[in-house]
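Listed below, chain by chain, are the residues.
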Amino acid sequence: MESHNFERLKAHILPLSASNDFGSARAEWGLTAVEVSEEMDNCPCGQDIKEHCFITNRLTGHQTYVGNVCINRFMGISTGTLFAGLKRIAQDDSANANDDLIDYAYKQGYLYDAKELSFLQQTKRKRNLSVKQLEWKRKINRRILNGTVVAKRTTR
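Residues numbered from 1 in each chain as written. Predicted model: local features only at pLDDT ≥ 70, side-chain atom pairs only at ≥ 80, totals over all residues. Heavy atoms only, no water.

S.K.: Talk me through the layout of surface pockets; I want residue IDs and the actual numbers.
M.R.: Remark: the empty space left among the atoms is shown by a probe the size of a water molecule rolled over them. Looking at the largest pocket, its volume works out to about 210 Å³. The wall of the largest pocket is formed by Leu31, Ser78, Thr79, Gly80, Leu82, Asp100, Asp103, Tyr104, Lys107 and Gln108. Broken down by element, the residue count for the lining of the largest pocket peaks at five residues, all from helix H5 (residues 99-108). Across the lining of the largest pocket, the residue classes break down as three nonpolar, four polar and three charged. (1 Å grid on protein atoms, 1.4 Å probe; cavity = no way out; pocket = protein on both sides within 12 Å on 5 of 7 lines; lining within 4 Å. Points joined across faces, edges and corners; volume = space filled by probe spheres on them. Helix = DSSP H or I, 4+ residues; strand = E, 2+ residues; numbered from the N terminus. Nonpolar A, V, L, I, M, F, W, Y, C, P; charged D, E, K, R; others polar.)

Shown next, in the form of structure tokens:
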């Protein structure tokens, strides 16, 4: 990413932050949601994005979104392999969710109880599931996708 893009991101984040110093301000922000859209949008840095990371400032209450590169590189908030996991289950609802996606889904309330969390953790590396297990996995994966993947951009 070029430096002018970083400056644009800073210009977007600082007015929404309590601190006037970007290094301090970025510590005020936390990831609250992710969204994958079919249509392109722009990150505040100017890059075209489809993967949106919604963040909330713990001190000011302001909310905004940035792209997955800015959330990792400049905001210092890791999404790990979350988007890779989302893409995998979006292509095949019987696919295994990865650790980052399972953790995210649990924190967001997409998993209804500890039983579903345990099921996904225990089966994330299994290839042969019973018909009943596969049906349950598909049901959970569709619930995760319904909360994160949208056809048209939403406003948050």
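S.K.: For the packing of helix H4 (residues 82-91) against H5, give the residues involved together with the corresponding values.
M.R.: Direction vectors running N to C along H4 and H5 enclose 90°, while the axes themselves pass 7 Å from each other. Between H4 and H5, the crossing angle belongs to the class labelled roughly perpendicular. Mapping the contact onto sequence places Leu82, Gly85, Leu86 and Ile89 in H4 and Asp100, Leu101 and Tyr104 in H5. By residue class, the composition of the contact of H4 with H5 is five nonpolar, one polar and one charged. (Axes fitted to C-alpha atoms, helices over the stretch in contact; angles between N-to-C directions. Parallel < 35°, antiparallel > 145°, perpendicular 65-115°, else oblique. Contact = heavy atoms within 4.5 Å.)

S.K.: Please give an account of the nonpolar core that cites residues and values.
M.R.: Membership of the largest hydrophobic core comes to 38 residues, with the highest contact counts inside it found for Val66 and Ile144. Broken down by secondary-structure element, the contributors of at least two residues to this core are helix H1 (3-13), strand S1 (29-42), strand S2 (48-57), helix H3 (68-73), H4, H5, helix H6 (114-123) and helix H7 (131-148). (Core = buried A, V, L, I, M, F, W, Y, C linked by side-chain atoms within 4.5 Å. Buried < 20%, exposed > 50% of the residue type's maximum accessible area, 1.4 Å probe, protein only.)

S.K.: How would you explain the environment of Ser17 if you had to name every residue and give the values?
M.R.: The topology assignment puts Ser17 in the loop between H1 and helix H2 (22-25). For Ser17, a relative accessible area of 9% puts it in the buried group. Between the alpha carbons of Ser17 and His62 there is a distance of 7.6 Å; along the sequence they are 45 residues apart. The residues contacting Ser17, other than those within four sequence positions of it, are Ala25, Glu28, Trp29, Asn57 and Thr60. A distance of 3.0 Å separates a polar atom in the side chain of Ser17 from a polar atom in the side chain of Trp29. (Polar contact = N/O pair within 3.5 Å; in protein donor to acceptor, adjacent residues only side chain to side chain.)

S.K.: Lay out the pairing of S2 with the relevant residues and their values.
M.R.: Along S2, eight of the 10 residues are buried, which leaves the element largely enclosed by surrounding structure. Inspection of the sheet shows S1 paired to S2 by nine bridges, in the antiparallel sense. Residue pairing for S2: Asp41 is matched across the bridge by Ile49. Direction of pairing for S2 relative to strand S3 (residues 63-67): antiparallel, over a ladder of five bridges. Pairing of Thr56 across the sheet is with Gln63, part of S3. (Pairing = 2+ DSSP bridges.)

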